[in-house]
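The primary structure of each chain is shown beneath.
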Amino acid sequence: MSAGAREGFNNAHLTMRESYGYHTNEAAEAARVGFDWPSIRPVFDKMREELVELEEVAVAVDPRGKGETAPPSPAEMKRIKEELGDLLFVMANVARHLKLDPEEALRGANEKFSRRFLHIEQRLAAQGRSPAQSDLQEMDMLWDEARAADKAPGEPVKKSER
């Protein structure tokens, strides 16, 4: 991925903080008056529920999974967008329960992705190749190298967590 392709990662206008409660909004007000999960466990339960709902609608219309080339219909995209929004909203509530800034966490994930993908690009460039001249298996191996370099000594490294 060229520097130009990475430029948009850190420039996205995010609204996770609105769900988190940085600004006055309905969700933050609801939490203040007691309409909130009593602990983080049910928030994770809700997150799994929303993930399943998103997966059901997204997989059903994934043209790569069905051998089709037609994009999802506007109605299907509306439903996918709605389910993704529900999942992101719940994830912002996970952050709120953990007293973390969700945008800061997402920014860190974007930076980590950029750093690791840059490692892939550099390792392939050292061989005179680009990512387009590689395959997913090789890039996953290089990703795992970058991931291992990010970990503290003795910390376990999971395979291909991207």
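Refer to the structure presented above.
Values in this document were obtained by computation on a predicted structure and should not be read as measured data. (Residues numbered from 1 in each chain as written. Predicted model: local features only at pLDDT ≥ 70, side-chain atom pairs only at ≥ 80, totals over all residues. Heavy atoms only, no water.)

Quick notes on the overall build of the protein
Along the protein, the regular secondary structure elements total eight helices and zero strands. Starting at the N terminus and walking to the C terminus, you meet the elements of the protein as α-α-α-α-α-α-α-α. Counting across all 162 residues of the protein, residues that qualify as buried make up 25%. Residue pairs in contact within the protein that sit at least 24 positions apart in sequence constitute 61% of those at least 6 positions apart. Carbon together with sulfur atoms contributes 57% to the accessible area of the protein, which is approximately 11100 Å² in total. (Helix = DSSP H or I, 4+ residues; strand = E, 2+ residues; numbered from the N terminus. Buried < 20%, exposed > 50% of the residue type's maximum accessible area, 1.4 Å probe, protein only. Contact = heavy atoms within 4.5 Å. Areas by Shrake-Rupley, 256 points an atom, 1.4 Å probe, with all protein chains shown as cover.)

Regarding a nonpolar patch on the surface
A cluster of nonpolar side chains, Leu 84, Leu 88 and Met 91, forms an exposed patch at the surface whose accessible area comes to about 230 Å². Position of Met 91 among the secondary structure elements: in helix H6 (residues 74-98). (Patch = residues over 30% accessible without salt bridge, like charges linked within 9 Å, V, L, I, M, F, W, Y side chains within 5 Å. Salt bridge = Lys/Arg side-chain N within 4 Å of Asp/Glu carboxyl O.)

Details of the nonpolar core
Membership of the largest hydrophobic core is limited to nine residues, which are Val 43, Met 47, Leu 54, Val 57, Val 61, Ile 80, Leu 87, Val 90 and Val 94. Elements that contribute at least two residues to this core include exactly helix H4 (40-61) and H6. With near-sequence residues (within four places) excluded, Leu 87 lies in contact with Met 47, Glu 50, Leu 51 and Leu 54. Ile 120, Leu 124, Leu 142 and Trp 143 belong to the second largest nonpolar core, which has six residues in total. (Core = buried A, V, L, I, M, F, W, Y, C linked by side-chain atoms within 4.5 Å.)

Things to note about the pattern of salt bridges
Going through the model one piece at a time under the given rule, you end up with nine salt bridges. Residue Lys 46 is joined to Glu 49 by a salt bridge in which the shortest nitrogen-to-oxygen separation is 3.0 Å. Of this pair, Lys 46 and Glu 49 both sit in helix H4, three residues apart, roughly one helical turn. Owing to a relative accessible area of 25%, Lys 46 belongs among the partly exposed residues under this scheme. For Glu 49, a relative accessible area of 37% gives the class partly exposed. In this structure, Arg 115 and Asp 150 form a salt bridge, with 3.2 Å as the shortest nitrogen-oxygen distance. A residue pair is termed long-range when its members are at least 10 positions apart, and Arg 115 in helix H7 (residues 102-125) and Asp 150 in helix H8 (residues 136-150) qualify at 35 residues. On the accessibility criterion, Asp 150 (32% relative accessible area) is partly exposed.

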